[in-house]
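Structural features, examined
Okay, here's what each chain looks like letter by letter:
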Amino acid sequence: MNVFTALLAGLVFGFGLIVSGMAAPAKVLGFLDLAGAWDPSLAFVMVGAIGVGVVAFFVAGKRSTSLLGEPMRLPTARPIDRRLVVGSVMFGVGWGVAGFCPGPALVALGMGQGKALVFVGAMLAGMALFEWAEQRRGVAVESAA
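All of the points below concern the structure found in this document.

What counts and how
Residues numbered from 1 in each chain as written. Predicted model: local features only at pLDDT ≥ 70, side-chain atom pairs only at ≥ 80, totals over all residues. Heavy atoms only, no water. Axes fitted to C-alpha atoms, helices over the stretch in contact; angles between N-to-C directions. Helix = DSSP H or I, 4+ residues; strand = E, 2+ residues; numbered from the N terminus. Parallel < 35°, antiparallel > 145°, perpendicular 65-115°, else oblique. Contact = heavy atoms within 4.5 Å. Patch = residues over 30% accessible without salt bridge, like charges linked within 9 Å, V, L, I, M, F, W, Y side chains within 5 Å. Areas by Shrake-Rupley, 256 points an atom, 1.4 Å probe, with all protein chains shown as cover. Salt bridge = Lys/Arg side-chain N within 4 Å of Asp/Glu carboxyl O. Buried < 20%, exposed > 50% of the residue type's maximum accessible area, 1.4 Å probe, protein only. 1 Å grid on protein atoms, 1.4 Å probe; cavity = no way out; pocket = protein on both sides within 12 Å on 5 of 7 lines; lining within 4 Å. Points joined across faces, edges and corners; volume = space filled by probe spheres on them. Nonpolar A, V, L, I, M, F, W, Y, C, P; charged D, E, K, R; others polar. Polar contact = N/O pair within 3.5 Å; in protein donor to acceptor, adjacent residues only side chain to side chain.

Let us look at the packing of helix α2 (residues 25-32) against helix α3 (residues 41-61). Contact geometry of α2 with α3 gives a least axis separation of 8 Å together with a crossing angle of 100°. With respect to α3, the element α2 is oriented roughly perpendicular. Listed contacts from α3 to K27, V28 and F31 of α2 are S41, L42, A43 and M46.

Attention now goes to a nonpolar patch on the surface. The grouping of I80, L84, V85, V89, V93 and V97 at the surface amounts to a nonpolar patch, some 590 Å² of accessible area in total. Mapped onto the elements of the fold, V97 is located in helix α4 (residues 82-98). By relative accessible area, V97 is classed as exposed at 68%.

Here we come to the layout of surface pockets. Considered as a void within the structure, the largest pocket measures approximately 1,200 Å³ in volume. Forming the boundary of the largest pocket are 39 residues, of which A6, A9, G10, F13 and A56 lie nearest the centre. At the level of elements, α1 (2-20), α3 and α5 (102-110) are the ones that each hand at least two residues to the lining of the largest pocket. Split into classes, the residues belonging to the lining of the largest pocket amount to 27 nonpolar, 10 polar and two charged. The calculated volume of the second largest pocket comes to roughly 870 Å³.

Below, the discussion takes up α2. Listed as buried for α2 are P25, V28, G30 and F31. The elements touched by buried residues of α2 are α3 and α4.

This part covers the side chain of S41. Within the secondary structure, S41 sits in helix α3. Using a relative accessible area of 19% as the deciding quantity, one classes S41 as buried. One polar contact links S41 to D39, side chain to side chain, over a distance of 2.9 Å. Excluding anything up to four places from it in sequence, S41 contacts M22 and K27.

Set out below in structure tokens:
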């Protein structure tokens, strides 16, 4: 049941990205081009997503189990440290250069966009490099599963 629910949520997310146009790098790059033909539509998508997220986290914070009976595992880390800032900057630079972030890149890959294949390959390589670096530091990396 959890796999089906995850698949359904992923399909809804992907469909939303397609409908909003956010799977197209040109749309994202248009939003980031403040000096040129700025496209504010991504801001509206972000505000909508933040609104849904705030409500979801508020409800989730009051529960000990999910609707499927799984234990709630909400983020507990609060400090803004060097690793968070450096990672955020790297994410933002990659997003600004490529016009993709992970979710839309996977949707674009499914739509057969060649640029998405390059981005997803680089993203997977970066994830593997992070795992390797964390293992060298002796840090157990928590699985998303």
